[in-house]
Amino acid sequence: MAKVELIVNGQSVEKEVEDRTLLAQFLRDTLQLTGTHVGCDTSSCGACTILVDGKAVKSCTILAVQADGSHIKTIEGMATNGALHPLQEGFKEEHGLQCGFCTPGMIMTAADLLSHNNDPSEQEIREALEGNFCRCTGYHNIVRSIQHAAKKIRSGEAAVSA
Amino acid sequence: MTFIGKSVKRVEDQRFLTGKGRYTDDIVLPGMTYAYILRSPYAHAKILSINTSKAEAMDGVVKIFTGKDIAAAGINGVPCGWQVNFKNGDTMKEPPHPLLVADKARYAGDGVAMIIAESKEAARDAADMVDVEYEELDAVTNAADAVADGKPLVHDDAPNNMCFDWELGNPIDEVNAAMSAADHITSLEFTNQRVIPNAMEPRAAIGQYEDHSGKYTLHTTSQNPHLTRLLMCAFVLGVPEHKVRVVAPDVGGGFGSKIFHYAEEALVIWASKQLNRPVKWTSDRSEAFLTDAHGRDHISKAEMGFDKDGNILALRVKTHANLGAYLSTFAPCVPTWLHGTLLQGLYTTPKINVDVTGVFTHTTPVDAYRGAGRPEATYLLERLLDKAALEMKRDPAELRLQNFIPAFDGVKEEGYMTQVALQYDSGNYHGVLERALEMVGYEDFRKEQAAARDEGRLLGIGFSTYIEACGIAPSAVVGALGARAGLYESAQVRVQPTGKVSVYSGSHSHGQGHETTFAQVVADKLGIPLEDVEIVHGDSEAVAFGMGTYGSRSLAVGGSAIVRSIEKVLEKGAQIAAHKLEANPEDLEYAGGKWTVKGTDKSVAFGDVALTAYVPHDYPQGLEPGMDFSSFYDPANFTYPFGAHIAIVEVDKDTGKVSLKRFIAVDDVGNVINPMIVDGQIHGGLAQGIGQALFEGAIYDEYGQLTNGSYMDYTMPRADDLPSFEVDRQVTPCPHNPLGVKGAGEAGCIGSTPAVVNAVMDALAPFGIKDLEMPMTPERVWRTMNS
Amino acid sequence: MIPTGFTYHRASSLKEALDLLNTHDDAKLLAGGHSLIPALKLRLNQPAHLIDISRLDDLKGIKEEGGTLVIGAGVTHGEIAHSDLVKEKVAMLAEAADLIGDVQVRNVGTIGGSLAHADPAADWPALMLAAEAEITVLGPNGSRSISAEDFFTGFYETALGEDEVLTSIRIPIPPAGTSTSYQKFMQPASRFAIVGCAAMITRTNGTCDRVRVAFTGVADKAYRAKGIEDALTGKAYDTGNIEAAVSSAAEGVDVMSDHFASEEYRSHLARVYARKALSAAS
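All figures in this text were calculated on a predicted structure; none of them were measured in a lab.

S.K.: Sorry, what's going on with the nonpolar core here?
M.R.: Where a protein is soluble and globular, its nonpolar side chains tend to be buried together. Judged by nonpolar contacts, the single largest core of 204 residues is most densely connected at I146(A), W82(B) and F663(B). By residue number, the principal contributor to this core is helix α19 (residues 747-763) of chain B, which donates nine residues. Apart from the residues lying within four places of it in its own chain, the contact partners of F663(B) are H645(B), I646(B), A647(B), L686(B), I690(B), F725(B), E726(B), S752(B), A755(B) and V756(B). Core analysis: the second largest hydrophobic core is formed by 54 residues, L21(C), A73(C), I146(C) and A193(C) among them.

S.K.: Even after reading the chapter, I still don't get the side chain of H683(B), so can you show me in this structure?
M.R.: You can see H683(B) is positioned in helix α18 (residues 675-694). Sequence-distant contacts of H683(B), that is, excluding residues within four places in its chain, are made with T137(A), G138(A), H140(A), N141(A), F725(B) and V727(B).

S.K.: Teacher, can you tell me more about helix α6 (residues 172-180) of chain B here?
M.R.: Residue and element names in this part refer to chain B. For α6, the set of buried residues is V175, A178 and M179. Burial along α6 is one-sided: seen end-on, the buried residues are contained in an arc of 100 degrees. In α6, those exposed residues whose orientation departs by more than 90 degrees from the buried face are D173 and S180. In this structure, the buried side of α6 is in contact with β8 (184-195), β13 (295-306), β14 (312-324) and β15 (351-360).

S.K.: How should the domain arrangement of chain B be read in this particular structure?
M.R.: Put simply, an interface is often sized by how much accessible area is lost when its parts join up. You can read the domains of chain B as domain 1 (31-137), domain 2 (372-470 + 638-785) and domain 3 (475-633). Each of domain 1 of chain B and domain 2 of chain B has a C-alpha centre, and these two points are 41 Å apart.

S.K.: Any chance you could explain the interface of chain C and chain B here in plain terms?
M.R.: Taken residue by residue, the interface counts 23 residues in chain C and 26 residues in chain B. Our count for the contact surface shared by chain C and chain B stands at six salt bridges. Note that R43(C) is salt-bridged to D128(B), the shortest N-O span being 2.8 Å. At the junction of chain C with chain B, the criterion picks out 15 residue pairs in polar contact (both at pLDDT 80 or more). The biggest single contributor to the side of chain C that touches chain B is helix α12 (residues 263-280) of chain C, with eight residues. A per-class count over the side of chain C that touches chain B returns 13 nonpolar, five polar and five charged.

S.K.: Teacher, can you tell me more about the environment of G67(B) here?
M.R.: Residues and elements named next belong to chain B. By the secondary structure assignment, G67 is in helix α3 (residues 67-72). In this structure G67 comes out as buried when scored by relative accessible area, which is 3%. Along the chain, G67 and V112 lie 45 residues apart, while their C-alpha atoms are 6.0 Å from each other.

S.K.: For this particular structure, what's the right way to read the pairing of strand β5 (residues 111-117) of chain B?
M.R.: Put simply, side chains in a regular strand alternate between the two faces of the sheet. Residue and element names in this part refer to chain B. Here β5 lies mainly inside the structure; seven of its seven residues are buried. Relative to β5, strand β1 (residues 33-39) runs antiparallel, the two being bridged by six bridges. If you follow Y36 over to β5, its bridge partner there is I115. Of the pairings in the sheet, the one linking strand β3 (residues 61-66) to β5 comprises five bridges and is antiparallel in character. Each residue of the ladder has a partner; that of T66, found in β5, is A113.

S.K.: Which parts of the structure should I look at to understand the sheet that holds strand β4 (residues 104-105) of chain B?
M.R.: The strands making up a sheet are joined through hydrogen bonds of the backbone, oriented either antiparallel or parallel. Residue and element names in this part refer to chain B. Taken in spatial order, the three strands of this open sheet run β4-β2-β6, and their pairing is antiparallel. For this open sheet the edge positions go to β4 and β6 (131-136), each flanked by a neighbour on one side alone. In this sheet, β6 lies alongside strand β2 (residues 45-51) in antiparallel orientation, the contact comprising six bridges. Opposite I47, over in β6, you have Y134 as the bridge partner.

S.K.: Help me out: how do you make sense of the domain arrangement of chain C in this one?
M.R.: Residue and element names in this part refer to chain C. Domain assignment breaks chain C into domain 1 (7-52), domain 2 (58-172) and domain 3 (178-280). If you average the C-alpha positions of domain 1 and of domain 2, the two centres end up 19 Å apart. Note on domain 1 versus domain 2: buried area summed over both sides is about 1000 Å², and carbon and sulfur give 77% of it. Across the contact surface, domain 1 and domain 2 share zero residue pairs in polar contact (both at pLDDT 80 or more). Of the residues forming the side of domain 1 that touches domain 2, the biggest block, four residues, is contributed by helix α1 (residues 14-23).

S.K.: Any chance you could explain the sheet that holds β14(B) here in plain terms?
M.R.: Residues and elements named next belong to chain B. Read across the open sheet, the five strands follow the order β7-β15-β14-β13-β8; overall the sheet is mixed. The sheet terminates laterally at β7 (162-169) and β8, the two strands that pair on one side only. Taking the axes of each pair of neighbouring strands and ignoring which way they run, one obtains an average angle of 10 degrees across the sheet. As defined by bridge partners, β14 adjoins β15 across ten bridges and the pair is classed as parallel. The partner of A321 across the bridge, within β15, is G358.

S.K.: Is there a simple way to explain a nonpolar patch on the surface in this structure?
M.R.: Residue and element names in this part refer to chain B. Among the surface-exposed residues, L611, Y614 and V615 lie close enough to one another that they form a single nonpolar patch of about 230 Å² accessible area. Looking at where Y614 falls in the secondary structure, it is placed in helix α17 (residues 606-614). Looking at Y614, the relative accessible area reads 31%, which means it is partly exposed.

S.K.: Looking at this structure, I do not really get the packing of helix α20 (residues 778-785) of chain B against α12(C). What am I missing?
M.R.: Packed helices, taken two at a time, are described by their axes: the angle between them and the distance between them. Running from N to C, α20(B) and α12(C) point in directions that differ by 90 degrees, and their axes come no closer than 11 Å. Taken as axis vectors, α20(B) and α12(C) run roughly perpendicular relative to one another. Side by side, α20(B) and α12(C) meet where P778(B), E779(B), W782(B) and R783(B) of the first sit next to E264(C), Y265(C) and H268(C) of the second. For the contact of α20(B) with α12(C), the class distribution of residues is three nonpolar, one polar and three charged.

S.K.: Just to check I follow, could you spell out the interface of chain B and chain A for this structure?
M.R.: Across the contact, 52 residues belong to chain B and 46 residues belong to chain A. Surface buried jointly by chain B and chain A totals about 4200 Å² across both partners, of which 54% is contributed by carbon and sulfur atoms. Three residues stand out in chain B for area buried against chain A, namely L17(B), M200(B) and A719(B), and they jointly supply 17% of the buried area on that side. The tally of links between chain B and chain A comes to five salt bridges. Residues D125(B) and R20(A) are paired through a salt bridge, measuring 2.7 Å at the closest nitrogen-oxygen approach. One can count 30 residue pairs in polar contact (both at pLDDT 80 or more) joining chain B with chain A. Counting only elements with at least two residues in the side of chain B that touches chain A, the list comes to α1 (13-17), α4 (120-127), α9 (285-291) and α18 of chain B. Per-element tally for the side of chain B that touches chain A: the top contributor is α18(B), with eight residues. By residue class, the composition of the side of chain B that touches chain A is 21 nonpolar, 16 polar and 15 charged.

Calculation notes
- Residues numbered from 1 in each chain as written.
- Chains lettered and ligands numbered in written order.
- Predicted model: local features only at pLDDT ≥ 70, side-chain atom pairs only at ≥ 80, totals over all residues.
- Heavy atoms only, no water.
- Core = buried A, V, L, I, M, F, W, Y, C linked by side-chain atoms within 4.5 Å.
- Buried < 20%, exposed > 50% of the residue type's maximum accessible area, 1.4 Å probe, protein only.
- Helix = DSSP H or I, 4+ residues; strand = E, 2+ residues; numbered from the N terminus.
- Contact = heavy atoms within 4.5 Å.
- Arc of directions from axis to C-beta.
- Domains from an automatic or database assignment.
- Salt bridge = Lys/Arg side-chain N within 4 Å of Asp/Glu carboxyl O.
- Polar contact = N/O pair within 3.5 Å; in protein donor to acceptor, adjacent residues only side chain to side chain.
- Nonpolar A, V, L, I, M, F, W, Y, C, P; charged D, E, K, R; others polar.
- Pairing = 2+ DSSP bridges.
- Buried area = accessible area lost by both parts, 1.4 Å probe.
- Axes fitted to C-alpha atoms, helices over the stretch in contact; angles between N-to-C directions.
- Patch = residues over 30% accessible without salt bridge, like charges linked within 9 Å, V, L, I, M, F, W, Y side chains within 5 Å.
- Areas by Shrake-Rupley, 256 points an atom, 1.4 Å probe, with all protein chains shown as cover.
- Parallel < 35°, antiparallel > 145°, perpendicular 65-115°, else oblique.

Okay, structure coming up:
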């Protein structure tokens, strides 16, 4: 067993876990943050993407204990005081989600992208999403959702909180 | 109308966007145990022995069940919901499909033992310690091979691995005669390859038994919880249906693969009673590749005869359909009634004969996958049309326009009776293709293509026009065709005393947005705010009954059931309103959320009437209190969406890699309630259909091993593989349901595949290539260019 | 997917990492973990101990040291892709890093981890060979340097000892007049290389003085295509000479074959991608 201390969505957490516990499992099973999903076992689909110290990471491919001491942000931490993050708003406005399963990972990956490029081209968005699978939307509206969020961020209405 | 026809933002999005969606694997019950299914690594093997003693002794292991335990408990296998008999009248071969196999594994992935432990880690660790001794046997994976004499048998009582053979259409002699009179015959032999659905949420199931009440609850990743309950209770476990609650909470996509009743659902329910503790099973992706029912897998030979002017005279089709090792819930219906019946397409073909053999192989069961049978029919027809155009030196768009059935609205003009058992409801097929041609700029493209060819670049354009039978389906009709279920839908509309409305629908939503679209219908019909309507689905305890979501049926059938219940609400409401207004019900009109006496300003609001229904102090004599109505809507006919898709591709001469440059889709799905959602459905379908054309396909080796059962080897379409789509719509209302809707869920997937393939063939035309199998991978394309 | 149980150790220094490696049989080093953890989850690899070296400062950083570009083994693919120093000195490294996996993988996966794993379809080995990198490793008896040519010994096999830690990669900064390129034909599902070709050409007045070409994905290990190098060295840099030179791209190696690319097609792609890389390094 190993002790893990993290800041998750701004809250300190301290737990004992088995050494082999993956961060995705830790978030889902130990912290009940079930917004982070697991869609594959080969580090491919990106449904489990979260931000570790501001960077998009596949939480199924990192041990909880490896992340000890990190700042973690999950989909549950994206809205602030009940106000949706521009990406969450973009996905709603542009119908960027259907079944919702890939959505948290998509949003977290997009948050990483927009944190260093707030005016990405369609091609840049599509390339940034290469590690996230969606089976419902054909990606068309996901691209528009991210463009929507980027525009809102550029207009200064909201800061990127990645 | 305030909401119908508007792109209302989805009400379900809030929970999904904030991580508050509740999927089956998110649910944790007190005292829950975790199951791991140990599966056969061999496609065909005798199970000589299973030793679980080492595993059972491990920390945290609660219990291990094997196939023998299941057999000893007298549990039946998973049933099939559709019967297709042999042409000679013999009954379809329907071998048992055990929850766990005891003696023999019939595909790689067949369940052998269920390990239940205190944690998923303990269950997984123990699985490595279960000792199974197998004797590996020869396997057969290809449907056309499997029917030959002397091949390994999947089931001893199914000679030549045949499940059924089946024929539809005009007598073969008539078709042969028409074919021999043809001036030109285009023929095609091809495989419509097996694809793997890959809903992003892997399947999961939680069984819970409560000994104090004797009741069970199953949480499961299902597109149709009621049907799962019916099949599991009546056919598998023999437990009373009213003692079982099935909940399909948020479900992360299905695409067909979550229609079926799977062994794991019955296993966790049964085991929860044996242990008196909840049991959860969650599939890994690797396991999903092996055990979610696959789609397609047809091997076909098709011939189309034309006269000298290019008019279609006849179509003859012979198909071997791979059903896998066991019959999944709807397996026999997919290659027959959902495939053969669509071979009229949009064309006036006067003579059609289709012959299908359903075949068992040592592979994962095959069943409905987005489109189910209709993509296979469309692919066959649309490849034939493009190939015929090439051979006859005709323009492929013109050849289609020439052979289209003329427009008919199904009201003034009768529905179109096909040669293959269906009557189309309404259609304007020229309209969609002409619009698509306009969008693509057809003449300009041909010029661009010619210029590109001069530079050595390979551009191609491909067409596909399709029709599908959706809104599944009139119960009496499908019953006559072998369905063991009715295909109506139920809806209950409960007006609460405060005028808020709860709607209980049997149509499950797993991405389709029912909670929004249905609410739009209800809010408009009742003239109340959208937020006053709540759509409840996916819980057999809340919803009276349901046949579920598939076959693009939710709005056409489930939505119609809602409309019927609303009509009942308004009828009763009018009686109460008339009483309150001291008028006759027939003198009232309902609009804007109130009943008004025609020609006056005397009115009473919906909310007042609702309250009166529940507080019936001053109330019409003889009228029951309350305002709560159920309806079961059984459609009069299938609905027939159609459309025209055009793909433009470029093939890299050096590598054979195909780039999809543009994709144009003009679909006619009848009336549209929420254009944003319908467009989203089309987009997603397009990506899946394009995926089959270019990337996807299960690959089995000679031993029956699925050799690309992971995302490292099975190519899923990604964001950077696809362009933005150009979509537009035509509206030809369905004449036989109250909303005039036809269904949009499968259209994109049905139309897109042949458009892409035809575009690649057009790009390769300078090489004299006429046929190429899917998926059109770089090597396959490169080889054909260099052969 | 659940790995088998193991004990996790976080090394606080390189010395501690070496000590832990020596103390424990059946131990594996964990850097970014993006090769190792997927293997653990599939139980293809079942070590008893994991030694986490991902936080060691000694393994971090990209710097220039007297004509050599030094990349710490713990530097992520993403850091290399975005490094201005790398882009300026050996551009193909940044170009290649940006083609590895996806954004999330590049954020965590490290160059050292990838090299030690030696996947025959990984990108880095081709670049190391073309750049004539020296791979520095630290063992119980101190540090040693292994040339890239000697480092990759076979299918998932390297010259790295079981008791050694890969610490840095030293790449000679090429002389002025050198241009580089990495061109990759991706396996569409995994996005590893079916063929990856790294090319480095130093020219004087349009003549190729020095040519280095290496491939990954083609054979069971990455290799230098000396046939191409020799054919082009001393020749004018032009289409005809490039085309003639690349014909030997897949000669002398056992070319791999799988669903995505047969031996014949892979060999063809090796020629095509050699041409692309050599043409792009203009």
